[in-house]
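Architecture at a glance
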Amino acid sequence: MFQKSIIQDIITAALSTGGDFAEVFIEDKYNTNIALVGGKVENSISGRDYGIGIRIFQGLNSVYAYTNEHSRDKLIAVALEAAQAIKGQPINLNLSFNRQTFTNQHPIIHTPREVPKSKKVNVMREVYDIAKNYHELISQVSVAYKDEQQRVLIANSEGRFVEDERIRTRLAIQTVATRGNEMQTGSYLPGAHKGFEFLEQIDLQHYGQEAARIAVTMLNADECPSGKFPVIIDNEFGGVIFHEACGHGLEATSVAKKNSVFADRIGEQVAPSIVSYIDDGTLANEWGSANVDDEGEPTRRNVLIENGILKGYLIDKLGARRMGTDVTGSSRRESYKYAPTSRMTNTFIAPGKSTPEEIIANTEFGIYAKYMGGGSVNPATGDYNFAINEGYIVRNGKIAEPVRGATLIGNGPKTLQKVDMVGNNLAHGQGMCGSVSGSIPANVGQPMIRVSEITVGGRKGN
């Protein structure tokens, strides 16, 4: 992307006023977005984003600047301007880059830019037909396709010089079931760190039918009762609650500033012994994976909670300075427009020993959340409110009638303490995670779990 000499000059300029660390992040990203509504292509947009981020540290202070300029003189001018926020004595910099190499853990078969759009649209139409023809109550189907090819170069004043390429592909199927004036929706949004081969490998029949089935099932469902019940949360995207209500509380972004209920609690029992919670950015071709993080550090498997004991946090370079510890390969950002910070990659509850059938059979009365929806969380406290997209009553150890309009209300760390059964059917779901460094792809995951008691909001009353 760039000559090393130019990057050296940028870093030298960035440290000219007393900074003790400088980093250059160069990004070149191609992306395509196609939307299919009512069986017709509504829009198709392809583009290229290119830019450079320059970050400077002085102790615990940080300055960040970014630009689309690419000439040596303009980039040095940006670095010098950013450096004006730093006041001190310039360090004696003797910079020598050490190119970092690695084995690519996420091989790509078909680079999306080399695949004709017509081929992508054909897949979208195929899954559209599957969902639309599922049931006569399906009144609307929309399908969105997205791919991106991101090339990054990260270099810093410590001599790091590393390049990586991330290619991701995603399909979003959304349906509406209608009867009279009543409507219910369903969706499925699979994605992976893969090229176009992802769409050739997945079961379109499954995803299209599931998106439609959810909408039709909820249209025929009764309102959910409210109260405090045992709640069974199924695998895959069910992990969104612990991602939002616990995972963010384990990031240095909040831990380093003591804004987390998990701060200063390493070694404490924070969950039952059947619970282990892991973030793993190395999982091959998973949605949240990468070879290196956005500071150029190799990604890794970070065990956050092991057998209920808090073992660690997710730590970026600035967080490591604040906490006096090491980085964990967890620094991420949406693009060159954002300074990186500690973020999750593929975060999940490890599988346990119970089968899903055993968990259901051991529940006399409760709520079964087959698919979770979105929600809101107070990251400082872990208080949350999440919608159930597809729910059922569990009665006498069996899944009974479907219910709709259910919400789960609680506190993440306290809910974690009440997990009393963990299934053996771990699966991951794909989402976009928003935080101070922008919106990034992240897996949430878990096997089926049972929480002994959660407050359930519903319109049917107690």
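For clarity, every value in this text was computed on a predicted model and none was experimentally measured.

The next thing to look at is the UniProt feature "domain: Metalloprotease TldD/E C-terminal" (unreviewed entry) in the chain. Those residues carrying the UniProt feature "domain: Metalloprotease TldD/E C-terminal" (unreviewed entry) are residues 226-458 in this numbering. For residues 226-458, the helix share is 13%, the strand share is 41%, and the end-to-end C-alpha distance is 5 Å.

Here we come to unusual backbone geometry. In this structure, Lys258 is a non-glycine residue whose phi angle is positive, near 60°. When you line up the elements, Lys258 lands in the loop between α7 (252-255) and β11 (277-280). Of note, the phi angle at Asn396 is positive, near 55°, even though the residue is not glycine. Its location among the elements puts Asn396 in the loop between β18 (383-395) and β19 (398-404).

What follows concerns the environment of Tyr371. In this fold, Tyr371 is placed in strand β17 (residues 365-377). A C-alpha to C-alpha distance of 9.7 Å links Tyr371 and Tyr188, two positions 183 residues apart in sequence. The contact partners of Tyr371, leaving out residues within four places of it in the chain, are Tyr188, Glu210, Arg213, Ile214, Glu236, Ile388, Asn389 and Glu390. Among the polar contacts listed, one links the side chain of Tyr371 to the side chain of Glu210, at a separation of 2.5 Å.

Let us now look at the packing of aromatic side chains. A full pass over the atoms with the stated rule returns eight aromatic pairs. An aromatic cluster is present here, built from Tyr188, Tyr207 and Tyr371 joined pairwise through their rings.

Next up on the list: the nonpolar core. In terms of nonpolar packing, the biggest core is built from 45 residues, with Met372 and Leu408 touching the most fellow members. Elements supplying a minimum of two residues to this core: β10 (227-233), α6 (240-247), α7, β12 (301-306), β17, β18, β21 (419-422) and β24 (449-457). With five residues, the top contributor of residues to this core is α6. Setting aside residues up to four positions removed in sequence, Met372 forms contacts with Ile233, Phe237, Gly238, Val240, Ile241, Phe386, Ala387, Ile388, Asn389 and Leu408. Counting residues in each nonpolar core, the second largest holds 35 residues, with Tyr188, Phe198, Met218 and Ala221 among its members.

Side chains three or four residues apart in an α-helix point the same way, a direct result of the helix having 3.6 residues per turn. Of all the positions in helix α1 (residues 4-14), only Ile6, Ile7, Ile10, Ile11, Ala13 and Ala14 are classed as buried. The buried side chains of α1 occupy one side of the element, clustering within an arc of 160° when seen end-on. In the core, the buried residues of α1 are packed alongside β1 (21-37), β2 (40-58), α2 (72-83), β5 (138-156) and β6 (160-179).

How each quantity is defined
- Residues numbered from 1 in each chain as written.
- Predicted model: local features only at pLDDT ≥ 70, side-chain atom pairs only at ≥ 80, totals over all residues.
- Heavy atoms only, no water.
- UniProt positions renumbered as here; feature names shortened; annotations may be inferred.
- Helix = DSSP H or I, 4+ residues; strand = E, 2+ residues; numbered from the N terminus.
- Contact = heavy atoms within 4.5 Å.
- Polar contact = N/O pair within 3.5 Å; in protein donor to acceptor, adjacent residues only side chain to side chain.
- Phe/Tyr/Trp six-rings, centres within 6.5 Å; stacked < 30°, edge-to-face > 60°.
- Core = buried A, V, L, I, M, F, W, Y, C linked by side-chain atoms within 4.5 Å.
- Buried < 20%, exposed > 50% of the residue type's maximum accessible area, 1.4 Å probe, protein only.
- Arc of directions from axis to C-beta.

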